[in-house]
Amino acid sequence: MPTADVATRLLQHAKDVHTRGDLLLHLQLDVSLLTGESSSWGSAGNMMSTDDTIGYFLGEVEKAGWRLEHTGYTFVESGATTSARIFGTGEGVVNHGAVAGYFTFRRA
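Numbering of residues begins from 1 in every chain and follows the order in which that chain's sequence is written. Predicted model: local features are reported for residues with pLDDT of at least 70 only, side-chain atom pairs are reported and counted for 80 or more only, and whole-chain, interface and lining totals are derived from all residues. Side-chain calculation: all heavy atoms of the structure are included, whereas hydrogens and water are not.

## Description of the nonpolar core
Basically, it comes down to this: Among the buried residues, those of types Ala, Val, Leu, Ile, Met, Phe, Trp, Tyr and Cys that are joined through side-chain atoms within 4.5 Å form a nonpolar core. Throughout, exposure labels follow a simple rule: accessible area from a 1.4 Å probe, protein chains only, divided by the maximum for the residue type, with under 20% read as buried, over 50% as exposed, and the rest as partly exposed. Each helix is a run of H or I in the DSSP string that is no shorter than four residues. Each strand is a run of E no shorter than two, and both are numbered from the N terminus. We call two residues contacting when some pair of their heavy atoms lies within 4.5 Å.
The biggest cluster of nonpolar side chains holds 18 residues, and the ones touching the most others in it are Leu25, Leu27, Phe57, Val61, Trp66, Phe103 and Phe105. Contributing elements (two or more residues each) for this core: α1 (4-20), β1 (24-38), α2 (54-63) and β4 (91-107). Per element, the largest residue contribution to this core is five residues, and it comes from α1. Discounting chain neighbours no more than four positions away, the residues touching Leu27 are Leu10, His13, Phe57, Val61, Gly101, Tyr102, Phe103 and Phe105.

## What about the packing of aromatic side chains?
Any aromatic ring pair is given by two values, namely how distant the centres are and how the planes are angled relative to each other. The line we're drawing: Any two rings among Phe, Tyr and Trp, with Trp reduced to its six-membered ring, count as a pair given centres within 6.5 Å; such a pair is stacked if its planes are under 30 degrees apart, edge-to-face if over 60, and tilted if neither.
Tallied over the entire structure, the rule returns one aromatic pair. Aromatic pair Tyr73 and Phe103: ring centres 6.1 Å apart, planes at 90 degrees, arrangement edge-to-face. Here Phe103 lies in strand β4 and Tyr73 lies in strand β3 (residues 66-84), a separation of 30 residues in the sequence.

## Focus on the packing of α1 against α2
Which entries qualify depends on this criterion: Axis lines are fitted through C-alpha atoms, for helices just across the contact stretch, and the angle between N-to-C directions can take any value from 0 to 180 degrees. Roughly parallel means an angle under 35 degrees; roughly antiparallel means over 145; roughly perpendicular covers 65 to 115; every other angle is labelled oblique. Whether a crossing is left-handed or right-handed is set by the direction in which the near helix is turned from the far one by less than a right angle, anticlockwise for left-handed and clockwise for right-handed. By the convention adopted, Pro, Cys, Tyr, Trp, Phe, Met, Ile, Leu, Val and Ala count as nonpolar, Lys, Arg, Asp and Glu as charged, and the other residues, Gly among them, as polar.
In the contact formed by α1 and α2, the axes pass within 9 Å of each other and the chain directions differ by 25 degrees. Taken together, the axes of α1 and α2 lie roughly parallel to each other. In terms of crossing hand, the pair formed by α1 and α2 is right-handed. Mapping the contact onto sequence places Ala7, Leu10, Leu11 and Ala14 in α1 and Phe57, Glu60 and Val61 in α2. Considered class by class, the residues forming the contact of α1 with α2 number six nonpolar, no polar and one charged.

## Describing the side chain of Thr104
Short version of the rule: We call two N or O atoms a polar contact when they sit within 3.5 Å, provided that within protein one can donate a hydrogen and the other can accept it, with sequence-adjacent residues counted only if both atoms are side-chain atoms.
Summarising the element assignment, Thr104 is placed in strand β4. The class of Thr104 is buried, set by a relative accessible area of 19%. One polar contact links Thr104 to His26, side chain to side chain, over a distance of 3.0 Å. Those residues within four positions of Thr104 in sequence are excluded, and the remaining contacts are Leu24, Leu25, His26, Arg67, Leu68, Glu69 and His70.

Here you go:
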């Protein structure tokens, strides 16, 4: 999920490459985060947090002279935490990472 600094930097990049005359703009943003902690019981407690401002940000990019052409998403794992189960066998696993959005714009 972009910080204000990241959003400002990416929006300025969109304006700069539009001024330069580029035909395409490709941006990558984290649109949600998967976090969690292992429990003492060995279970997994994942939590997903999302960013509701992504649509606003994409609209600002379009105001800079771009039209959203294609969008794709992928989960980028940054790690995992495991804990032994108290009852039964195996381990509880909590994955960590982000859902990255890939946005391709065409010059309007």
